[in-house]
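# Examining the three-dimensional arrangement
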Amino acid sequence: MSMIEVKDLNLYYGDFQALIDVNVNIDRRKITALIGPSGCGKSTLLRTLNRMNDLIDGVRITGSVIIDGEDIYREKTDLIRLRKKVGMVFQRPNPFPLSIYDNIAYGSRIHGIRQRGELDRIVETALSRVHLWEDFKDRLDRFALNLSLEQQQRLCIARLIAVTPEVVLMDEPCSALDPVATANIEELMYELKKDYTIVIVTHNMQQAARVSDRTGFMLLGRLIEYGDTGSVFTSPRDKKTEEYITGRYG
Amino acid sequence: MKLSPKWKQRIAFSVLGLASVVVIVPVIVIFSILIEKGLPAINWEFLTAMPRMGMRAGGIFPAIAGTMYLVLGTIVVALPLGVLAAVYLVEYARQNWMTRMIEVAIVNLAGVPSVVYGLFGLGLFVIFLKFGSSILAGSLTLSIMVLPVIITASKEALSSVPQSFREASLALGVSKWQTIRCIVLPNALPGILTGTILGVSRAAGETAPILFTVAAFYLPRLPKSVFDQCMALPYHLYVLSTQVPNVNPKIQYGTALVLVALVFILNFLAIVVRAHIRGKKQW
Ligand SMILES: Nc1ncnc2c1ncn2[C@@H]1O[C@H](COP(=O)(O)OP(=O)(O)OP(=O)(O)O)[C@@H](O)[C@H]1O
Ligand SMILES: [Mg+2]
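Read on for a plain summary of the structure. (Residues numbered from 1 in each chain as written. Chains lettered and ligands numbered in written order. Predicted model: local features only at pLDDT ≥ 70, side-chain atom pairs only at ≥ 80, totals over all residues. Heavy atoms only, no water.)

## Let's talk about the pattern of salt bridges
Residues and elements named next belong to chain A. By the definition in use, this model includes 23 salt bridges over all chains. Close ionic contact of E5 with K7 constitutes a salt bridge, the shortest N to O distance being 3.9 Å. Residue class for K7 comes out partly exposed when judged on its relative accessible area of 38%. The shortest N-O distance in the salt bridge between R210 and E186 comes to 2.7 Å. A residue pair is termed long-range when its members are at least 10 positions apart, and R210 in helix 8 (residues 205-211) and E186 in helix 7 (residues 179-192) qualify at 24 residues. Because the salt bridges share partners, they merge into one network encompassing D27, R214 and D228. (Salt bridge = Lys/Arg side-chain N within 4 Å of Asp/Glu carboxyl O. Buried < 20%, exposed > 50% of the residue type's maximum accessible area, 1.4 Å probe, protein only. Helix = DSSP H or I, 4+ residues; strand = E, 2+ residues; numbered from the N terminus.)

## Things to note about the sheet that holds strand 5 (residues 70-71) of chain A
Residue and element names in this part refer to chain A. Overall, antiparallel pairing links the four strands, which are arranged 2-1-4-5 in an open sheet. What marks the edges here is a single partner per strand, and that holds for strand 2 (16-26) and strand 5. Here eight bridges tie strand 1 (residues 4-13) to strand 4 (residues 59-67), and the two strands are oriented antiparallel to one another. Following the sheet pairing, V6 is matched in strand 4 by V65. (Pairing = 2+ DSSP bridges.)

## Section: the site of ligand 1
Residues and elements named next belong to chain A. The local shell around ligand 1 holds 13 residues, among which S38, G39, K42, S43 and T44 are the closest. Against a free-state accessible area of 640 Å², the protein chains account for coverage of 63% of ligand 1. At the level of elements, strand 2 and helix 1 (42-48) are the ones that each hand at least two residues to the shell around ligand 1. In terms of residue count, helix 1 provides more of the shell around ligand 1 than any other element does, three residues in total. (Near = heavy atom within 4 Å. Areas by Shrake-Rupley, 256 points an atom, 1.4 Å probe, with all protein chains shown as cover.)

## Considering a nonpolar patch on the surface
Residue and element names in this part refer to chain B. A cluster of nonpolar residues, L3, W7, I11 and V15, forms a patch on the protein surface that exposes about 370 Å² of accessible area. By the secondary structure assignment, W7 is in helix 1 (residues 5-38). Judged by its relative accessible area of 45%, W7 is partly exposed. (Patch = residues over 30% accessible without salt bridge, like charges linked within 9 Å, V, L, I, M, F, W, Y side chains within 5 Å.)

## A few points about the interface of chain B and chain A
Listed per partner, the contact involves 19 residues of chain B and 25 residues of chain A. The junction of chain B with chain A conceals about 1,900 Å² of combined surface from both sides, 67% of it contributed by carbon and sulfur atoms. When the buried area of chain B at its contact with chain A is split by residue, E167, A171 and L172 of chain B rank highest and sum to 31% of it. There are five residue pairs in polar contact (both at pLDDT 80 or more) connecting chain B and chain A. Broken down by element, the side of chain B that touches chain A gets its largest block of residues, six residues, from helix 7 (residues 163-170) of chain B. In the side of chain B that touches chain A, the residues fall into nine nonpolar, eight polar and two charged. (Contact = heavy atoms within 4.5 Å. Buried area = accessible area lost by both parts, 1.4 Å probe. Polar contact = N/O pair within 3.5 Å; in protein donor to acceptor, adjacent residues only side chain to side chain. Nonpolar A, V, L, I, M, F, W, Y, C, P; charged D, E, K, R; others polar.)

Structure representation (C-alpha coordinates):
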(Lines give C-alpha, C1' and ligand atoms only; values in the text may rest on other atoms or scores of the structure.)
(Ligands and ions follow the chains in the order given, each with its own letter.)
Protein backbone atom coordinates (compact mmCIF):
# COMPACT_ATOMS: atom_id res chain seq x y z
CA MET A 1 0.00 0.00 0.00
CA SER A 2 1.20 3.50 -0.74
CA MET A 3 2.13 5.78 2.12
CA ILE A 4 0.10 8.67 0.75
CA GLU A 5 -2.81 8.57 -1.68
CA VAL A 6 -4.04 11.85 -3.07
CA LYS A 7 -7.47 11.55 -4.67
CA ASP A 8 -9.26 14.11 -6.84
CA LEU A 9 -7.65 16.95 -4.98
CA ASN A 10 -8.73 20.49 -5.83
CA LEU A 11 -7.48 23.54 -3.98
CA TYR A 12 -8.67 27.13 -4.27
CA TYR A 13 -7.03 30.26 -2.92
CA GLY A 14 -10.21 32.32 -2.84
CA ASP A 15 -11.40 32.26 -6.45
CA PHE A 16 -8.11 31.06 -7.86
CA GLN A 17 -7.83 27.31 -8.38
CA ALA A 18 -4.25 26.30 -7.64
CA LEU A 19 -4.66 22.51 -7.83
CA ILE A 20 -6.89 20.78 -10.34
CA ASP A 21 -7.92 17.13 -9.97
CA VAL A 22 -4.63 15.90 -8.64
CA ASN A 23 -4.29 12.14 -8.16
CA VAL A 24 -1.05 10.63 -6.99
CA ASN A 25 0.22 7.71 -4.93
CA ILE A 26 3.40 8.25 -3.01
CA ASP A 27 5.43 5.20 -2.13
CA ARG A 28 6.75 4.33 1.28
CA ARG A 29 10.51 4.84 1.81
CA LYS A 30 11.07 6.29 -1.61
CA ILE A 31 11.98 9.75 -2.75
CA THR A 32 9.29 11.39 -4.83
CA ALA A 33 10.17 14.59 -6.68
CA LEU A 34 7.72 17.23 -7.84
CA ILE A 35 8.94 19.38 -10.71
CA GLY A 36 7.40 22.04 -12.88
CA PRO A 37 7.64 25.71 -13.75
CA SER A 38 7.27 28.43 -11.17
CA GLY A 39 3.72 28.92 -9.91
CA CYS A 40 2.42 25.54 -11.10
CA GLY A 41 1.38 24.50 -7.60
CA LYS A 42 4.25 22.30 -6.37
CA SER A 43 4.52 23.98 -2.99
CA THR A 44 0.78 24.07 -2.69
CA LEU A 45 0.50 20.34 -3.29
CA LEU A 46 3.29 19.62 -0.85
CA ARG A 47 1.66 21.73 1.83
CA THR A 48 -1.64 19.91 1.48
CA LEU A 49 0.11 16.77 2.70
CA ASN A 50 0.53 18.07 6.25
CA ARG A 51 -2.21 20.66 6.07
CA MET A 52 0.10 23.64 6.29
CA ASN A 53 -2.31 25.37 3.91
CA ASP A 54 -4.75 25.59 6.79
CA LEU A 55 -2.72 28.56 7.98
CA ILE A 56 -3.74 30.62 4.97
CA ASP A 57 -7.04 32.48 5.00
CA GLY A 58 -9.52 31.65 2.30
CA VAL A 59 -8.18 28.26 1.24
CA ARG A 60 -10.78 25.71 0.16
CA ILE A 61 -9.99 22.09 -0.53
CA THR A 62 -12.01 19.23 -2.00
CA GLY A 63 -11.00 15.62 -2.49
CA SER A 64 -8.97 13.54 -0.10
CA VAL A 65 -5.46 12.84 1.06
CA ILE A 66 -5.13 9.42 2.63
CA ILE A 67 -2.09 8.79 4.75
CA ASP A 68 -1.71 5.33 6.25
CA GLY A 69 -5.35 4.65 5.50
CA GLU A 70 -6.63 7.81 7.16
CA ASP A 71 -8.14 10.73 5.30
CA ILE A 72 -6.37 13.71 6.81
CA TYR A 73 -9.06 16.12 5.62
CA ARG A 74 -11.76 14.58 7.76
CA GLU A 75 -13.22 16.81 10.45
CA LYS A 76 -11.70 15.08 13.39
CA THR A 77 -8.11 14.81 12.18
CA ASP A 78 -5.65 15.58 14.94
CA LEU A 79 -3.39 18.16 13.29
CA ILE A 80 -0.70 17.76 15.91
CA ARG A 81 -0.44 14.03 15.38
CA LEU A 82 -0.55 14.52 11.61
CA ARG A 83 2.29 17.01 11.60
CA LYS A 84 4.39 14.91 13.92
CA LYS A 85 4.06 12.16 11.40
CA VAL A 86 4.42 14.33 8.30
CA GLY A 87 7.10 16.92 8.90
CA MET A 88 8.44 19.64 6.68
CA VAL A 89 11.79 21.18 5.72
CA PHE A 90 11.61 24.63 4.20
CA GLN A 91 13.28 26.45 1.37
CA ARG A 92 15.24 28.82 3.53
CA PRO A 93 16.83 27.11 6.51
CA ASN A 94 14.81 28.32 9.49
CA PRO A 95 16.42 27.23 12.75
CA PHE A 96 15.06 28.93 15.85
CA PRO A 97 17.23 31.64 17.40
CA LEU A 98 18.36 29.18 20.08
CA SER A 99 21.34 26.93 20.66
CA ILE A 100 21.92 23.83 18.55
CA TYR A 101 20.83 21.66 21.46
CA ASP A 102 17.65 23.60 22.13
CA ASN A 103 16.72 23.54 18.46
CA ILE A 104 16.83 19.75 18.37
CA ALA A 105 15.26 19.27 21.77
CA TYR A 106 12.47 21.76 21.07
CA GLY A 107 9.93 19.34 19.62
CA SER A 108 10.65 16.58 22.12
CA ARG A 109 10.39 18.94 25.07
CA ILE A 110 7.04 20.20 23.91
CA HIS A 111 5.86 16.67 23.35
CA GLY A 112 6.58 15.99 26.99
CA ILE A 113 10.11 14.61 27.26
CA ARG A 114 11.81 16.33 30.18
CA GLN A 115 14.56 14.00 31.32
CA ARG A 116 17.95 15.37 30.52
CA GLY A 117 19.41 11.96 29.71
CA GLU A 118 16.73 11.11 27.23
CA LEU A 119 16.93 14.51 25.58
CA ASP A 120 20.70 14.13 25.29
CA ARG A 121 20.22 10.83 23.55
CA ILE A 122 17.63 12.25 21.15
CA VAL A 123 19.91 15.16 20.30
CA GLU A 124 22.85 12.88 19.67
CA THR A 125 20.89 10.49 17.47
CA ALA A 126 19.35 13.27 15.41
CA LEU A 127 22.61 15.15 14.93
CA SER A 128 24.46 11.94 14.04
CA ARG A 129 21.86 11.21 11.43
CA VAL A 130 22.67 14.47 9.63
CA HIS A 131 26.44 14.27 10.29
CA LEU A 132 26.62 17.26 12.58
CA TRP A 133 27.39 15.33 15.74
CA GLU A 134 31.12 14.90 15.25
CA ASP A 135 31.59 18.58 14.50
CA PHE A 136 29.43 19.97 17.24
CA LYS A 137 29.27 17.46 20.06
CA ASP A 138 31.39 19.77 22.21
CA ARG A 139 29.70 22.94 21.04
CA LEU A 140 26.03 22.15 21.39
CA ASP A 141 25.46 25.56 22.95
CA ARG A 142 26.46 27.32 19.73
CA PHE A 143 23.86 29.80 18.51
CA ALA A 144 22.15 28.06 15.58
CA LEU A 145 21.89 31.16 13.41
CA ASN A 146 25.69 31.43 13.35
CA LEU A 147 26.08 28.15 11.46
CA SER A 148 26.62 28.03 7.71
CA LEU A 149 23.49 27.69 5.60
CA GLU A 150 24.21 24.04 4.86
CA GLN A 151 24.70 23.30 8.54
CA GLN A 152 21.52 25.19 9.31
CA GLN A 153 19.59 23.12 6.80
CA ARG A 154 21.04 19.93 8.27
CA LEU A 155 20.05 21.17 11.68
CA CYS A 156 16.51 21.74 10.46
CA ILE A 157 16.40 18.20 9.14
CA ALA A 158 17.75 16.91 12.47
CA ARG A 159 15.19 18.95 14.36
CA LEU A 160 12.52 17.25 12.31
CA ILE A 161 13.96 13.75 12.66
CA ALA A 162 14.06 14.22 16.43
CA VAL A 163 10.27 14.06 16.59
CA THR A 164 10.33 10.77 14.59
CA PRO A 165 8.19 11.59 11.57
CA GLU A 166 7.44 9.00 8.91
CA VAL A 167 7.17 11.40 6.00
CA VAL A 168 9.55 14.27 5.32
CA LEU A 169 8.33 16.99 2.96
CA MET A 170 11.03 19.20 1.49
CA ASP A 171 10.24 22.38 -0.38
CA GLU A 172 13.28 23.28 -2.47
CA PRO A 173 15.60 22.45 0.41
CA CYS A 174 18.74 23.29 -1.53
CA SER A 175 17.77 26.47 -3.32
CA ALA A 176 19.59 28.64 -0.78
CA LEU A 177 22.72 26.48 -0.90
CA ASP A 178 25.84 26.37 -3.08
CA PRO A 179 26.52 23.35 -5.34
CA VAL A 180 28.77 21.54 -2.86
CA ALA A 181 26.30 21.95 -0.03
CA THR A 182 23.54 20.86 -2.39
CA ALA A 183 25.39 17.67 -3.23
CA ASN A 184 25.89 16.98 0.48
CA ILE A 185 22.24 17.45 1.28
CA GLU A 186 21.27 15.23 -1.63
CA GLU A 187 23.50 12.52 -0.26
CA LEU A 188 21.83 12.93 3.09
CA MET A 189 18.40 12.53 1.51
CA TYR A 190 19.59 9.35 -0.11
CA GLU A 191 20.65 7.97 3.28
CA LEU A 192 17.43 9.04 4.93
CA LYS A 193 15.21 7.29 2.46
CA LYS A 194 15.92 3.97 4.23
CA ASP A 195 13.67 5.13 7.05
CA TYR A 196 11.54 7.93 5.70
CA THR A 197 9.17 8.62 2.89
CA ILE A 198 10.50 11.77 1.26
CA VAL A 199 8.67 14.14 -1.03
CA ILE A 200 10.81 16.89 -2.50
CA VAL A 201 9.88 19.90 -4.56
CA THR A 202 12.67 21.11 -6.77
CA HIS A 203 13.32 23.53 -9.55
CA ASN A 204 16.42 21.68 -10.44
CA MET A 205 15.77 18.88 -12.88
CA GLN A 206 19.18 17.33 -12.49
CA GLN A 207 18.48 17.13 -8.81
CA ALA A 208 15.18 15.36 -9.39
CA ALA A 209 16.87 12.98 -11.79
CA ARG A 210 19.71 12.29 -9.35
CA VAL A 211 17.88 11.71 -6.11
CA SER A 212 14.32 10.66 -6.78
CA ASP A 213 12.71 7.30 -7.44
CA ARG A 214 9.51 8.74 -8.76
CA THR A 215 8.87 12.07 -10.42
CA GLY A 216 5.72 14.09 -10.94
CA PHE A 217 5.57 16.92 -13.45
CA MET A 218 3.10 19.69 -12.74
CA LEU A 219 1.79 22.43 -14.97
CA LEU A 220 -0.81 25.10 -14.15
CA GLY A 221 -2.20 23.21 -11.18
CA ARG A 222 -2.40 19.82 -12.86
CA LEU A 223 -0.20 16.81 -12.35
CA ILE A 224 0.59 16.16 -15.99
CA GLU A 225 2.77 13.14 -15.63
CA TYR A 226 3.82 10.86 -12.83
CA GLY A 227 6.00 7.77 -12.89
CA ASP A 228 9.40 6.26 -12.30
CA THR A 229 12.04 8.93 -12.54
CA GLY A 230 13.98 7.06 -15.18
CA SER A 231 11.09 6.78 -17.55
CA VAL A 232 9.77 10.30 -16.94
CA PHE A 233 13.14 11.70 -17.88
CA THR A 234 14.04 9.37 -20.72
CA SER A 235 10.71 8.63 -22.32
CA PRO A 236 8.04 11.03 -21.10
CA ARG A 237 4.54 10.13 -22.22
CA ASP A 238 3.27 13.69 -22.37
CA LYS A 239 4.57 16.18 -24.90
CA LYS A 240 4.52 19.00 -22.35
CA THR A 241 6.71 17.02 -19.99
CA GLU A 242 9.16 16.47 -22.75
CA GLU A 243 9.17 20.16 -23.60
CA TYR A 244 9.81 21.09 -20.00
CA ILE A 245 12.54 18.53 -19.49
CA THR A 246 14.33 19.52 -22.62
CA GLY A 247 14.25 23.06 -21.33
CA ARG A 248 11.66 24.73 -23.44
CA TYR A 249 10.05 26.49 -20.51
CA GLY A 250 11.67 28.06 -17.55
CA MET B 1 19.16 86.56 -8.43
CA LYS B 2 19.35 82.88 -8.94
CA LEU B 3 20.81 80.66 -6.23
CA SER B 4 23.24 77.96 -7.22
CA PRO B 5 22.31 74.39 -6.18
CA LYS B 6 25.18 74.44 -3.75
CA TRP B 7 23.73 77.43 -1.93
CA LYS B 8 20.25 75.98 -1.98
CA GLN B 9 21.63 72.91 -0.36
CA ARG B 10 23.42 74.94 2.30
CA ILE B 11 20.26 76.83 3.10
CA ALA B 12 18.22 73.63 3.28
CA PHE B 13 20.73 72.07 5.63
CA SER B 14 20.71 75.13 7.85
CA VAL B 15 16.94 75.10 8.08
CA LEU B 16 16.90 71.41 8.90
CA GLY B 17 19.66 71.87 11.45
CA LEU B 18 17.81 74.75 13.02
CA ALA B 19 14.67 72.66 13.34
CA SER B 20 16.50 69.96 15.24
CA VAL B 21 18.15 72.53 17.49
CA VAL B 22 14.72 73.94 18.29
CA VAL B 23 13.75 70.46 19.45
CA ILE B 24 16.76 70.11 21.70
CA VAL B 25 16.67 73.57 23.26
CA PRO B 26 13.65 73.07 25.54
CA VAL B 27 15.09 69.80 26.79
CA ILE B 28 18.38 71.45 27.68
CA VAL B 29 16.71 74.48 29.24
CA ILE B 30 14.34 72.37 31.33
CA PHE B 31 17.11 70.15 32.56
CA SER B 32 19.50 72.95 33.38
CA ILE B 33 16.89 74.91 35.31
CA LEU B 34 15.78 71.83 37.19
CA ILE B 35 19.30 70.85 38.04
CA GLU B 36 20.38 74.34 38.97
CA LYS B 37 17.43 75.06 41.22
CA GLY B 38 16.47 71.58 42.35
CA LEU B 39 19.77 69.84 42.96
CA PRO B 40 20.53 71.80 46.15
CA ALA B 41 17.34 70.35 47.66
CA ILE B 42 18.34 66.79 47.01
CA ASN B 43 19.98 64.90 49.78
CA TRP B 44 19.43 61.62 51.55
CA GLU B 45 16.74 63.00 53.82
CA PHE B 46 14.82 64.54 50.91
CA LEU B 47 14.63 61.17 49.17
CA THR B 48 13.91 58.98 52.17
CA ALA B 49 12.07 61.00 54.82
CA MET B 50 8.43 61.85 55.37
CA PRO B 51 7.36 65.42 54.70
CA ARG B 52 7.16 67.68 57.73
CA MET B 53 5.68 71.05 58.61
CA GLY B 54 2.84 70.89 56.10
CA MET B 55 5.22 69.66 53.38
CA ARG B 56 7.47 72.68 53.74
CA ALA B 57 10.30 70.60 55.10
CA GLY B 58 11.42 67.01 55.35
CA GLY B 59 11.42 64.67 52.37
CA ILE B 60 9.17 63.41 49.63
CA PHE B 61 9.60 59.72 50.23
CA PRO B 62 5.87 58.80 50.29
CA ALA B 63 5.39 60.49 46.92
CA ILE B 64 8.31 58.59 45.40
CA ALA B 65 7.10 55.32 46.85
CA GLY B 66 3.53 56.07 45.74
CA THR B 67 4.60 56.67 42.17
CA MET B 68 6.63 53.45 42.23
CA TYR B 69 3.60 51.53 43.46
CA LEU B 70 1.46 53.03 40.72
CA VAL B 71 4.05 52.21 38.05
CA LEU B 72 4.27 48.65 39.32
CA GLY B 73 0.49 48.28 39.61
CA THR B 74 0.06 49.62 36.09
CA ILE B 75 2.59 47.17 34.68
CA VAL B 76 1.02 44.24 36.52
CA VAL B 77 -2.42 45.04 35.11
CA ALA B 78 -1.67 46.46 31.69
CA LEU B 79 1.19 44.25 30.52
CA PRO B 80 -0.64 40.89 30.57
CA LEU B 81 -3.84 42.43 29.28
CA GLY B 82 -2.07 44.29 26.49
CA VAL B 83 0.02 41.30 25.46
CA LEU B 84 -2.96 38.94 25.41
CA ALA B 85 -4.95 41.40 23.32
CA ALA B 86 -2.04 41.80 20.91
CA VAL B 87 -1.57 38.02 20.64
CA TYR B 88 -5.23 37.65 19.81
CA LEU B 89 -5.15 40.39 17.21
CA VAL B 90 -1.93 39.27 15.53
CA GLU B 91 -2.09 35.49 15.82
CA TYR B 92 -5.74 34.52 15.95
CA ALA B 93 -8.11 37.21 14.71
CA ARG B 94 -9.09 37.21 11.08
CA GLN B 95 -9.55 40.51 9.34
CA ASN B 96 -13.24 41.35 9.71
CA TRP B 97 -15.39 44.21 10.94
CA MET B 98 -14.87 43.12 14.56
CA THR B 99 -11.10 43.39 14.47
CA ARG B 100 -11.27 46.61 12.47
CA MET B 101 -13.53 48.04 15.20
CA ILE B 102 -11.04 46.98 17.84
CA GLU B 103 -8.19 48.62 16.00
CA VAL B 104 -10.13 51.84 15.56
CA ALA B 105 -10.94 51.73 19.27
CA ILE B 106 -7.27 51.32 20.17
CA VAL B 107 -6.25 54.28 18.03
CA ASN B 108 -8.97 56.43 19.54
CA LEU B 109 -8.20 55.34 23.05
CA ALA B 110 -4.66 56.63 22.54
CA GLY B 111 -6.05 60.06 21.70
CA VAL B 112 -8.33 60.51 24.72
CA PRO B 113 -7.17 63.36 27.02
CA SER B 114 -5.82 62.11 30.30
CA VAL B 115 -8.30 64.06 32.41
CA VAL B 116 -11.06 62.06 30.76
CA TYR B 117 -9.37 58.87 31.92
CA GLY B 118 -9.30 60.36 35.41
CA LEU B 119 -13.01 61.02 35.38
CA PHE B 120 -13.70 57.62 33.87
CA GLY B 121 -11.64 55.96 36.60
CA LEU B 122 -13.50 57.96 39.21
CA GLY B 123 -16.84 56.85 37.85
CA LEU B 124 -16.00 53.20 37.22
CA PHE B 125 -13.42 52.13 39.78
CA VAL B 126 -13.78 54.59 42.64
CA ILE B 127 -17.56 54.95 42.76
CA PHE B 128 -19.26 52.16 40.82
CA LEU B 129 -16.92 49.32 41.79
CA LYS B 130 -16.46 50.88 45.24
CA PHE B 131 -12.66 50.61 45.28
CA GLY B 132 -12.61 54.11 46.72
CA SER B 133 -9.71 56.40 46.08
CA SER B 134 -6.98 53.78 46.17
CA ILE B 135 -3.84 52.41 44.55
CA LEU B 136 -6.03 49.79 42.92
CA ALA B 137 -8.32 52.36 41.32
CA GLY B 138 -5.35 54.53 40.30
CA SER B 139 -3.40 51.66 38.76
CA LEU B 140 -6.42 50.46 36.84
CA THR B 141 -7.05 53.94 35.50
CA LEU B 142 -3.44 54.35 34.42
CA SER B 143 -3.56 50.86 32.92
CA ILE B 144 -6.43 51.77 30.65
CA MET B 145 -4.54 54.84 29.64
CA VAL B 146 -1.35 52.98 28.64
CA LEU B 147 -3.12 49.97 27.16
CA PRO B 148 -3.18 51.37 23.60
CA VAL B 149 0.56 51.98 23.72
CA ILE B 150 1.28 48.49 25.01
CA ILE B 151 -1.05 46.81 22.53
CA THR B 152 0.39 48.71 19.61
CA ALA B 153 3.98 48.00 20.62
CA SER B 154 3.22 44.34 21.29
CA LYS B 155 1.46 43.93 17.95
CA GLU B 156 4.47 45.34 16.19
CA ALA B 157 6.84 43.12 18.14
CA LEU B 158 4.77 40.01 17.41
CA SER B 159 4.45 40.80 13.71
CA SER B 160 8.19 41.21 13.42
CA VAL B 161 8.82 37.61 14.49
CA PRO B 162 9.45 35.84 11.16
CA GLN B 163 6.62 33.70 9.86
CA SER B 164 9.19 30.99 9.16
CA PHE B 165 9.66 30.39 12.90
CA ARG B 166 5.95 29.77 13.28
CA GLU B 167 5.88 27.43 10.29
CA ALA B 168 8.91 25.51 11.50
CA SER B 169 7.32 24.97 14.88
CA LEU B 170 3.89 24.02 13.54
CA ALA B 171 5.49 21.59 11.10
CA LEU B 172 6.97 19.74 14.07
CA GLY B 173 3.49 18.98 15.36
CA VAL B 174 3.57 21.75 17.92
CA SER B 175 0.21 23.35 18.57
CA LYS B 176 -0.45 26.94 17.71
CA TRP B 177 -0.67 28.06 21.32
CA GLN B 178 2.57 26.29 22.23
CA THR B 179 4.24 27.85 19.22
CA ILE B 180 3.15 31.27 20.39
CA ARG B 181 4.26 30.59 23.94
CA CYS B 182 7.60 28.96 23.21
CA ILE B 183 8.76 30.68 20.04
CA VAL B 184 6.80 33.79 19.19
CA LEU B 185 6.47 35.44 22.60
CA PRO B 186 10.10 34.98 23.73
CA ASN B 187 11.27 36.55 20.48
CA ALA B 188 8.81 39.41 20.76
CA LEU B 189 9.45 40.04 24.44
CA PRO B 190 12.14 42.73 24.18
CA GLY B 191 9.97 44.78 21.84
CA ILE B 192 6.97 44.32 24.10
CA LEU B 193 8.95 45.41 27.15
CA THR B 194 10.34 48.48 25.42
CA GLY B 195 6.85 49.62 24.48
CA THR B 196 5.52 48.89 27.93
CA ILE B 197 8.24 50.83 29.72
CA LEU B 198 7.84 53.82 27.43
CA GLY B 199 4.08 53.83 27.94
CA VAL B 200 4.32 53.44 31.67
CA SER B 201 7.02 56.06 32.05
CA ARG B 202 4.70 58.57 30.46
CA ALA B 203 1.88 57.50 32.74
CA ALA B 204 4.16 57.94 35.75
CA GLY B 205 4.29 61.67 35.12
CA GLU B 206 0.56 62.22 34.60
CA THR B 207 -1.46 64.08 37.19
CA ALA B 208 -4.99 64.08 35.82
CA PRO B 209 -5.68 60.33 35.86
CA ILE B 210 -4.57 59.95 39.48
CA LEU B 211 -6.11 63.17 40.73
CA PHE B 212 -9.52 61.66 41.50
CA THR B 213 -8.57 58.01 41.75
CA VAL B 214 -5.68 57.62 44.15
CA ALA B 215 -3.60 60.67 44.95
CA ALA B 216 -3.56 61.90 48.54
CA PHE B 217 -2.98 65.57 49.28
CA TYR B 218 -0.88 64.89 52.34
CA LEU B 219 -0.30 61.44 53.76
CA PRO B 220 2.92 61.17 55.69
CA ARG B 221 2.95 57.37 55.85
CA LEU B 222 3.17 54.51 53.40
CA PRO B 223 0.05 52.74 52.13
CA LYS B 224 -0.67 49.38 53.73
CA SER B 225 -2.67 47.76 50.94
CA VAL B 226 -3.88 48.39 47.42
CA PHE B 227 -7.06 49.85 48.89
CA ASP B 228 -5.14 52.71 50.50
CA GLN B 229 -4.56 56.07 48.98
CA CYS B 230 -1.02 57.18 48.39
CA MET B 231 0.89 60.28 47.47
CA ALA B 232 2.40 60.54 44.02
CA LEU B 233 5.13 62.75 42.58
CA PRO B 234 3.21 64.61 39.87
CA TYR B 235 0.32 65.44 42.17
CA HIS B 236 2.67 66.31 45.02
CA LEU B 237 4.42 68.73 42.72
CA TYR B 238 1.12 70.29 41.77
CA VAL B 239 0.16 70.62 45.43
CA LEU B 240 3.50 72.15 46.39
CA SER B 241 3.31 74.65 43.57
CA THR B 242 -0.26 75.83 43.95
CA GLN B 243 -1.81 74.76 47.24
CA VAL B 244 0.80 75.32 49.93
CA PRO B 245 1.87 78.87 50.70
CA ASN B 246 5.47 79.76 51.54
CA VAL B 247 7.23 76.68 50.23
CA ASN B 248 10.90 77.05 49.57
CA PRO B 249 11.09 76.86 45.72
CA LYS B 250 14.07 74.59 46.21
CA ILE B 251 11.70 71.87 47.33
CA GLN B 252 9.43 72.37 44.35
CA TYR B 253 12.32 72.17 41.91
CA GLY B 254 13.78 69.24 43.77
CA THR B 255 10.52 67.34 43.46
CA ALA B 256 10.29 68.12 39.76
CA LEU B 257 13.85 66.96 39.29
CA VAL B 258 13.12 63.65 41.00
CA LEU B 259 10.03 63.09 38.86
CA VAL B 260 11.87 63.89 35.63
CA ALA B 261 14.80 61.73 36.70
CA LEU B 262 12.45 58.80 37.36
CA VAL B 263 10.86 59.10 33.92
CA PHE B 264 14.29 59.49 32.42
CA ILE B 265 15.57 56.34 34.10
CA LEU B 266 12.59 54.38 32.80
CA ASN B 267 13.13 55.66 29.27
CA PHE B 268 16.80 54.86 29.52
CA LEU B 269 15.89 51.33 30.56
CA ALA B 270 13.74 51.02 27.44
CA ILE B 271 16.64 52.18 25.28
CA VAL B 272 18.94 49.63 26.89
CA VAL B 273 16.47 46.83 26.27
CA ARG B 274 16.07 47.89 22.67
CA ALA B 275 19.79 48.15 22.08
CA HIS B 276 20.12 44.69 23.53
CA ILE B 277 17.69 43.23 20.98
CA ARG B 278 19.34 45.04 18.12
CA GLY B 279 22.58 43.43 19.12
CA LYS B 280 21.13 39.95 19.27
CA LYS B 281 18.69 39.95 16.41
CA GLN B 282 20.09 38.21 13.37
CA TRP B 283 17.21 37.23 11.16
N1 LIG C 1 -1.54 32.34 -0.29
C2 LIG C 1 -1.89 32.39 -1.57
N3 LIG C 1 -2.93 33.12 -1.98
C4 LIG C 1 -3.27 33.19 -3.27
N5 LIG C 1 -2.63 32.57 -4.26
C6 LIG C 1 -1.57 31.82 -3.94
C7 LIG C 1 -1.13 31.68 -2.57
N8 LIG C 1 -0.05 30.89 -2.55
C9 LIG C 1 0.17 30.53 -3.83
N10 LIG C 1 -0.73 31.08 -4.67
C11 LIG C 1 -0.80 30.90 -6.12
O12 LIG C 1 -0.97 29.52 -6.37
C13 LIG C 1 -0.16 29.12 -7.47
C14 LIG C 1 0.73 27.99 -7.05
O15 LIG C 1 1.66 28.46 -6.09
P16 LIG C 1 2.81 27.56 -5.53
O17 LIG C 1 3.52 28.36 -4.51
O18 LIG C 1 2.25 26.26 -5.11
O19 LIG C 1 3.72 27.36 -6.80
P20 LIG C 1 5.11 26.62 -6.94
O21 LIG C 1 4.93 25.61 -8.00
O22 LIG C 1 5.58 26.16 -5.61
O23 LIG C 1 6.01 27.81 -7.46
P24 LIG C 1 7.54 28.10 -7.14
O25 LIG C 1 8.29 27.16 -7.99
O26 LIG C 1 7.70 29.52 -7.57
O27 LIG C 1 7.74 27.89 -5.68
C28 LIG C 1 0.59 30.35 -7.93
O29 LIG C 1 -0.06 30.87 -9.06
C30 LIG C 1 0.49 31.30 -6.79
O31 LIG C 1 0.42 32.63 -7.26
MG1 LIG D 1 7.19 26.78 -4.26
